[in-house]
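Letter by letter, the chains look like this.
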Amino acid sequence: MENRLRLSEIASMIGAVLDGDDAEVNGVAAIEEALPGQVTFLSNPKYTAHARDTKAAAVIAKDPVPDAGCAFLLSPNPYLAFARVVELFHPRERPEPGVSPMASVHADAALGKDVSIGPFVVVEKGAIVGDRVIIMAGSYVGKEVSVGEDSLIYPRVTLYHGVRVGKRAILHSGCVIGSDGFGFAPSEKGFMKIPQVGIVEIGDDVEIGANTTIDRATLGMTRIDRGTKLDNLIQVGHNVAIGSDTVIASQTGISGSCKVGSRVMLGGQVGLAGHIEVGDGVMLGAKSGVGSSISTKESQVWSGIPAIPHKTWLRVAMLMSSLPELFRRVKRLEAAKSASGEE
Amino acid sequence: MENRLRLSEIASMIGAVLDGDDAEVNGVAAIEEALPGQVTFLSNPKYTAHARDTKAAAVIAKDPVPDAGCAFLLSPNPYLAFARVVELFHPRERPEPGVSPMASVHADAALGKDVSIGPFVVVEKGAIVGDRVIIMAGSYVGKEVSVGEDSLIYPRVTLYHGVRVGKRAILHSGCVIGSDGFGFAPSEKGFMKIPQVGIVEIGDDVEIGANTTIDRATLGMTRIDRGTKLDNLIQVGHNVAIGSDTVIASQTGISGSCKVGSRVMLGGQVGLAGHIEVGDGVMLGAKSGVGSSISTKESQVWSGIPAIPHKTWLRVAMLMSSLPELFRRVKRLEAAKSASGEE
Amino acid sequence: MENRLRLSEIASMIGAVLDGDDAEVNGVAAIEEALPGQVTFLSNPKYTAHARDTKAAAVIAKDPVPDAGCAFLLSPNPYLAFARVVELFHPRERPEPGVSPMASVHADAALGKDVSIGPFVVVEKGAIVGDRVIIMAGSYVGKEVSVGEDSLIYPRVTLYHGVRVGKRAILHSGCVIGSDGFGFAPSEKGFMKIPQVGIVEIGDDVEIGANTTIDRATLGMTRIDRGTKLDNLIQVGHNVAIGSDTVIASQTGISGSCKVGSRVMLGGQVGLAGHIEVGDGVMLGAKSGVGSSISTKESQVWSGIPAIPHKTWLRVAMLMSSLPELFRRVKRLEAAKSASGEE
């Protein structure tokens, strides 16, 4: 955080318009915690009042807030503009290129230019590691794995044999890509393992969270398309296909052979049963459970176990605590009917 | 995938009957994706139509499909037969026997014949590793651990001290066996840790999924019996006992001291409260939550939070979205009653 | 388990009163499994009968059980007293102090006195490791991380750069502290990553379970206060603050920017939506889902999705399976009304 920049410099770097004094600033912070000399942002209109109280030198916002004492950096997408300002003050550090003498890289693995390979990393035979890829300590890159250029693999990631990772992907610590799908055939001797001989393919610009697991396909491939982001502790079963620009929150589970579309948003702890489709653009509320295919045709947002259109779910959820009262009311009606001798 | 086999050879190897031309084949694929020269299978009668359209040379099935253009390999258990054919074309590769010079194996650990120990593996004092066991890169085998012959430990597995693993077990990457059970006694100074001094015992032919965690017992042992299969990201608490040939899907959590029977099937994201019993043969729907002991006596299949017999749950689930309408109907009845002056 | 102690010695060490013969004992066990010569405990009055049948030499209990054949060690908090006795017979083994020659410790890292650093551990530049800290095999301690004295880090833990861990903390295998928060800004080119430049701070006496993940803050810090205990496979999002002496069971997920109070108890598989507050002392039933802030004002215990006061939830849960019957009853009332020609 030693960078010092003028607001006018920042404005030109992020394509914003400066409204106010061209002060020098030295960092970023949340709007309630910002100190003098820092930049903050306002993307949710609910928090407009904070702009009047903030000590920040400047607020990135869509429109200036009247009566605020700070400068504004006006941008049509304040959250995105803020992301860029954070980067200006916190440029991503990267390790020096080079292979640690304490790594184990097979002679028949192909390493691109300027890769960084940390200590206790294993790169197996036939693996292909693209230019400028960073593989941090203790990660395992199996046989015939490929990792596209500029990807970043944090410590202790496992890529089983044959896994393909695109460019600029980010894999967080502890994630496991390409473990066996969960397939067993019942037999007289108990369950027999169905060999899982497919692969996993992860597209460009995908991010995979810490300790998330993605199983290889039985046959064929498990696929996660370009730009999709997975949070921590997510399970993706064998032969699943997930489209592009989809966002999946933590602890969600996607059973085998599901098809999840593009620009889908899944809340945390969602569960999808096997072999179902979730259409492009669908949003699923946290903790919902989906047992059959859904699309935006009937509703864009779904919630509940089993998932129903979100609006209906909201009404149902609100009525739940009145259920005991409803039972009593029905009982009263029955008593009245009985008393009036109608039966 | 360089193997080439005649269908008659396959038939004799898997105990199937060939019905059709004795073509030469070179691989396996799913029924919709199979190319000429490949073998596929049909176990779900719902997909019988696919057998007429497939390009596969042969379909493994219970009965031949009339008007299909391919050969059939007839078998009473097509899914199991298919598993064997996959193995014929994709024999499990195993690393060369030997201990990596980059592993750390204690002088007082006992290694069996033909074990393979990868780089950055740690085997602590007193550990016993059976014949032909494979321990892949970065795994940790604690003090006094035993691993039975022919077991396969993928990269980055942790076996805490004293854990016992049976024969032919498969432990996927990132799983942690023998971490402390979650036990604390409230005191004036906050929670005091109850030392967890028991062990974990995992039976023969058990498979444990990626990033699954199994806690050691407080006293005594946490046990998973022969042939049971656990998917990824499952939690098994301290002192749990799970029977044999049980199958547990991803992200399920089993609280401390539960007893889960044999041939049980738990769906994904199921939760069991502490100290309960799930009887032999019970099936639990995904996302169900079980608060008290259940058995097949009342129902074989259970679902819901709390879990109720599945048939009832299906009806309840279907009615949920009509709940707002039900409240309105009761209101109308009350209005009518009131209008008719009965009160 | 070679220790042999007289009951009177134990009584004085744990501050209990011996009621019965001063026998010599050699171990601890659960009340139903205890052998002659062992000590056990009774904290739940439900199990008082076991004290009459136990073979144990002595039972730690609040009050003596009449007609029991064993001695008693009387203590106002039997569970806590038992924890101490377990420790007497199973003193925590610790590895020899020293840095493994197979570890990678940066020259600019500061190691305290008597630290133990196992093989394949990485300690990056600027890290500070307190006195007597144990870092087991394969763990990763990032740049500028600090670990307070007497903390215990099990194998294969990841501490991303800048993470701060307090004193006497216990981090179980596979946990990941300081991974990026899940923050992306939608743009025309897809989701752009919001750099996550905050940290994680973990207080003294905190325990973190196996494969649990705790994300670093976007800005500022994610905090877990003194004495709080997290079970396995838990997700803690960016900018979360958790108070002291809070206990969180396995597979629970806490979304970004939540504030969880002190002395809170969260059951397993609970989910908290983003930006909500859970007040001091709240208890949440397993699998509950919380969408808005709650405190003990309305109820101490909450359950359900969405969470409602536990007492109401119990009644609702009990009525759920009668819902089909309720629909039929309303239908009958409607039919009767219609037959009586009131409309």
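The rules we used
Residues numbered from 1 in each chain as written. Chains lettered and ligands numbered in written order. Predicted model: local features only at pLDDT ≥ 70, side-chain atom pairs only at ≥ 80, totals over all residues. Heavy atoms only, no water. Helix = DSSP H or I, 4+ residues; strand = E, 2+ residues; numbered from the N terminus. Rg over C-alpha atoms; globule rule 2.2 N^0.38 Å. Buried < 20%, exposed > 50% of the residue type's maximum accessible area, 1.4 Å probe, protein only. Contact = heavy atoms within 4.5 Å. Buried area = accessible area lost by both parts, 1.4 Å probe. Salt bridge = Lys/Arg side-chain N within 4 Å of Asp/Glu carboxyl O. Polar contact = N/O pair within 3.5 Å; in protein donor to acceptor, adjacent residues only side chain to side chain. Least-squares fit on C-alpha atoms with pLDDT ≥ 70 in both. Pairing = 2+ DSSP bridges. Phe/Tyr/Trp six-rings, centres within 6.5 Å; stacked < 30°, edge-to-face > 60°. Arc of directions from axis to C-beta. Axes fitted to C-alpha atoms, helices over the stretch in contact; angles between N-to-C directions. Parallel < 35°, antiparallel > 145°, perpendicular 65-115°, else oblique. Nonpolar A, V, L, I, M, F, W, Y, C, P; charged D, E, K, R; others polar. Patch = residues over 30% accessible without salt bridge, like charges linked within 9 Å, V, L, I, M, F, W, Y side chains within 5 Å. Areas by Shrake-Rupley, 256 points an atom, 1.4 Å probe, with all protein chains shown as cover. Expected span 1.5 Å × (residues − 1).

Draft legend 1. Just the overall build of chain A, in detail. When helices and strands are counted, chain A shows 5 helices and 40 strands. Taken over the C-alpha trace, chain A has a radius of gyration of 26 Å; the compact-globule value for 343 residues is 20 Å, which it surpasses by more than 25%. C-alpha atoms of chain A, sized along the principal axes, occupy 90 × 75 × 30 Å. Across the 343 residues of chain A, 58% fall into the buried class. Sequence separation of at least 24 residues holds for 17% of the intrachain contacts in chain A that already meet a minimum separation of 6.

Draft legend 2. Seen up close, the interface of chain C and chain A. Residue-level contacts link 66 residues of chain C with 55 residues of chain A. Counting the surface lost from both chain C and chain A, the interface buries some 4,800 Å², and carbon and sulfur atoms represent 68% of this. A salt bridge links A:Glu207 to C:Lys193; the nearest nitrogen and oxygen atoms lie 2.8 Å apart. The tally of links from chain C across to chain A stands at 22 residue pairs in polar contact (both at pLDDT 80 or more). Mapped by element, the contributors of at least two residues to the side of chain C that touches chain A are strand E21 (176-179), strand E22 (184-187), strand E23 (190-193), strand E26 (213-215), helix H4 (310-320) and helix H5 (323-339) of chain C. In terms of residue count, the dominant contributor to the side of chain C that touches chain A is H5(C) (6 residues).

Draft legend 3. Structural view of the relation of the copies chain A and chain B. Of the transformation superimposing chain A on chain B, the axial component is 0.0 Å and the angular component is 120°, with the fit at an RMSD of 0.0 Å. This pairing of chains is accounted for by a three-fold axis.

Draft legend 4. Up close: unusual backbone geometry. For the bond running from A:Ile305 to A:Pro306, omega is -5°, close enough to zero to count as cis. Notably, B:Ser257 is not glycine yet its phi reads approximately 65°, a positive angle. Tracing the backbone through its elements, the reader meets B:Ser257 in the loop between strand E32 (253-254) and strand E33 (259-260). The residue B:Lys287 is not glycine, and still its phi comes out positive at about 70°. Structurally, the position occupied by B:Lys287 is in the loop between strand E37 (283-284) and strand E38 (289-290).

Draft legend 5. Just the sheet that holds strand E20 (residues 170-171) of chain B, in detail. All names here are of chain B. Read across the open sheet, the 12 strands follow the order E8-E11-E14-E17-E20-E25-E28-E31-E34-E37-E39-E40; overall the sheet is mixed. The open sheet has two free edges, formed respectively by strand E8 (98-99) and strand E40 (308-309), since each of these has just one partner strand. By the bridge criterion, 2 bridges tie E8 to strand E11 (residues 116-117) in an arrangement that is parallel. Its bridge partner being in E11, Val-99 is matched across the sheet by Ile-117.

Draft legend 6. Structural view of the packing of aromatic side chains. All names here are of chain A. Tallying each qualifying case throughout the model produces 15 aromatic pairs over all chains. Taken together, a centroid distance of 5.6 Å and an interplanar angle of 20° make the contact between Phe-41 and Tyr-79 stacked. Taken together, the positions of Phe-41 in strand E5 (residues 38-41) and Tyr-79 in helix H3 (residues 78-89) put the pair 38 residues apart, joining distant regions of the chain. Residue class for Phe-41 comes out buried when judged on its relative accessible area of 18%.

Draft legend 7. Quick look at the sheet that holds E32(B). All names here are of chain B. The strand order across the open sheet built from 10 strands is E9-E12-E15-E18-E21-E26-E29-E32-E35-E38, with neighbouring strands paired in parallel fashion. At either end of the open sheet lies a strand with only one pairing partner, and these are strand E9 (104-105) and E38. Here strand E29 (residues 235-236) pairs with E32 via 2 bridges, running parallel. Considered in E32, the bridge of Val-236 is made with Ile-254.

Draft legend 8. Geometry of helix H4 (residues 310-320) of chain A. Residues of H4(A) that are buried: A:Thr312, A:Trp313, A:Val316, A:Ala317, A:Leu319 and A:Met320. Taken end-on, H4(A) shows its buried residues confined to a sector of 165°, consistent with a single buried face. Within H4(A), the exposed residues directed more than 90 degrees away from the buried face are A:Lys311 and A:Met318. Looking at the packing, one finds that the buried side of H4(A) touches strand E39 (301-303), strand E40 (308-309) and helix H5 (323-339) of chain A, helix H4 (310-320) and helix H5 (323-339) of chain B together with H4 of chain C.

Draft legend 9. Broad picture of the packing of H5(A) against H4(C). As a packed pair, H5(A) and H4(C) sit with axes 8 Å apart at the nearest point and diverge in direction by 55°. Judged by the angle between their axes, H5(A) and H4(C) are oblique. Contacts between H5(A) and H4(C) involve A:Leu323, A:Pro324 and A:Phe327 from the former and C:Arg315, C:Val316, C:Leu319 and C:Met320 from the latter. Looking at side-chain class alone, the contact of H5(A) with H4(C) contains 6 nonpolar, no polar and 1 charged residues.

Draft legend 10. A look at a nonpolar patch on the surface. On the surface, a nonpolar cluster with roughly 190 Å² of combined accessible area is contributed by A:Ile305, B:Ile305 and C:Ile305. Relative to the helices and strands, C:Ile305 is located in the loop between strand E39 (301-303) and strand E40 (308-309).

Draft legend 11. Looking closely at helix H3 (residues 78-89) of chain B. Here H3(B) contains 12 residues, and its C-alpha end-to-end distance of 17 Å stays within 8% of the 16 Å for a straight helix at 1.5 Å per residue. Among the residues of H3(B), B:Pro78, B:Leu80, B:Ala81, B:Phe82, B:Ala83, B:Val85, B:Val86 and B:Phe89 are the ones counted as buried.

Draft legend 12. Layout of the interface of chain A and chain B. On the side of chain B, 55 residues touch chain A, which itself brings 66 residues to the contact. Note on chain A versus chain B: buried area summed over both sides is about 4,800 Å², and carbon and sulfur give 69% of it. Taken as a group, A:Phe182, A:Phe191 and A:Leu219 account for 14% of the area that chain A buries against chain B, more than any other trio of residues on that side. One can count 3 salt bridges joining chain A with chain B. Here A:Arg329 makes a salt bridge to B:Glu334, at a shortest N to O gap of 2.7 Å. Elements supplying a minimum of two residues to the side of chain A that touches chain B: strand E21 (176-179), strand E22 (184-187), strand E23 (190-193), strand E26 (213-215), H4 and H5 of chain A. When residues in the side of chain A that touches chain B are grouped by element, the largest group, 6 residues, is from H5(A).

Draft legend 13. Focus on the environment of A:Pro36. Locating A:Pro36 in the fold gives a position in the loop between strand E4 (27-28) and E5. Once the C-alpha coordinates of A:Pro36 and A:Lys143 are considered, the two residues, 107 residues apart in sequence, prove to be 53 Å apart.

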